[in-house]
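# Structural description and commentary
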Amino acid sequence: MRAAREGASLSQEQLAERINRTPETVSNIERGKNMPAIETLQALCSTLGLRLSELFADEDLGRNADRVAREHSLIQTLRTLSESDLEVAEKTIHALANRTQR
């Protein structure tokens, strides 16, 4: 969740304000100290532009936190694009990926 928050360029205080919780609550959730209620999870997902399943995905474990934050930031940006712009972005990303695989 920390990576998603950072990808959205939010501090713990800003996120807490947006979901009507305390910064301490956000910190405890990020550190795995507390398991939030479903209402809090829904507010987090809505604010961060995530699906609930993304909060529980372990694909981010062991990966560089800066990279994960950048990936989440890109996902947020992609969700704002029109269909035609999304198609251009998709082709561009695939072209970059193919270039680096050679």
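Residues numbered from 1 in each chain as written. Predicted model: local features only at pLDDT ≥ 70, side-chain atom pairs only at ≥ 80, totals over all residues. Heavy atoms only, no water.

On to helix α4 (residues 38–48). Along α4, the positions that sit buried rather than exposed are Thr40, Leu41, Leu44, Cys45 and Leu48. Buried residues in α4, looked at end-on, bunch into an arc of 135 degrees, giving them a common side. Two residues or fewer past α4, Gly49 is found with a positive phi of approximately 70 degrees. (Buried < 20%, exposed > 50% of the residue type's maximum accessible area, 1.4 Å probe, protein only. Helix = DSSP H or I, 4+ residues; strand = E, 2+ residues; numbered from the N terminus. Arc of directions from axis to C-beta.)

Time to look at the nonpolar core. In terms of nonpolar packing, the biggest core is built from 12 residues, these being Ala4, Leu10, Leu15, Ala16, Ile19, Val26, Ile29, Leu41, Leu44, Cys45, Leu48 and Leu50. Listed by contribution, the elements that provide at least two residues to this core are α2 (12–18), α3 (23–30) and α4. Among the elements that take part in this core, α4 stands out by supplying 4 residues, more than any other. Discounting residues that sit within four places of it in the chain, Leu44 has contacts with Met1, Leu15, Ile19 and Ile29. (Core = buried A, V, L, I, M, F, W, Y, C linked by side-chain atoms within 4.5 Å. Contact = heavy atoms within 4.5 Å.)

So, on to unusual backbone geometry. The phi dihedral of Ser9 is positive, around 55 degrees, even though this residue is not glycine. Relative to the assigned elements, Ser9 resides in the loop between α1 (2–7) and α2. Among the residues examined, Ser9 registers a relative accessible area of 59% and is labelled exposed.

Here the focus is the environment of Thr22. Examined against the element boundaries, Thr22 turns out to sit in the loop between α2 and α3. Measuring from C-alpha to C-alpha, the distance between Thr22 and Gln12 comes to 8.8 Å, with 10 residues separating the pair along the chain. At 2.9 Å, the side chain of Thr22 forms a polar contact with the side chain of Thr25. (Polar contact = N/O pair within 3.5 Å; in protein donor to acceptor, adjacent residues only side chain to side chain.)

Turning our eyes to something else, we now look at the pattern of salt bridges. Tallied over the entire structure, the rule returns 3 salt bridges. Across the pair Glu30 and Arg5 runs a salt bridge whose closest N-O atoms are separated by 2.4 Å. One end of the pair, Glu30, is in helix α3; the other, Arg5, is in helix α1, and 25 residues separate them in sequence. Lys91 serves as the salt-bridge partner of Glu87, at 3.3 Å between the closest nitrogen and oxygen. Here Glu87 and its partner Lys91 are both found in helix α7 (residues 83–101), 4 residues apart, which amounts to about one turn of the helix. Its relative accessible area of 54% is what places Lys91 among the exposed residues. (Salt bridge = Lys/Arg side-chain N within 4 Å of Asp/Glu carboxyl O.)

Position of Gln14 among the secondary structure elements: in helix α2. As for Gln14 and Val26, which are separated by 12 residues in sequence, their C-alpha atoms are 9.9 Å apart.

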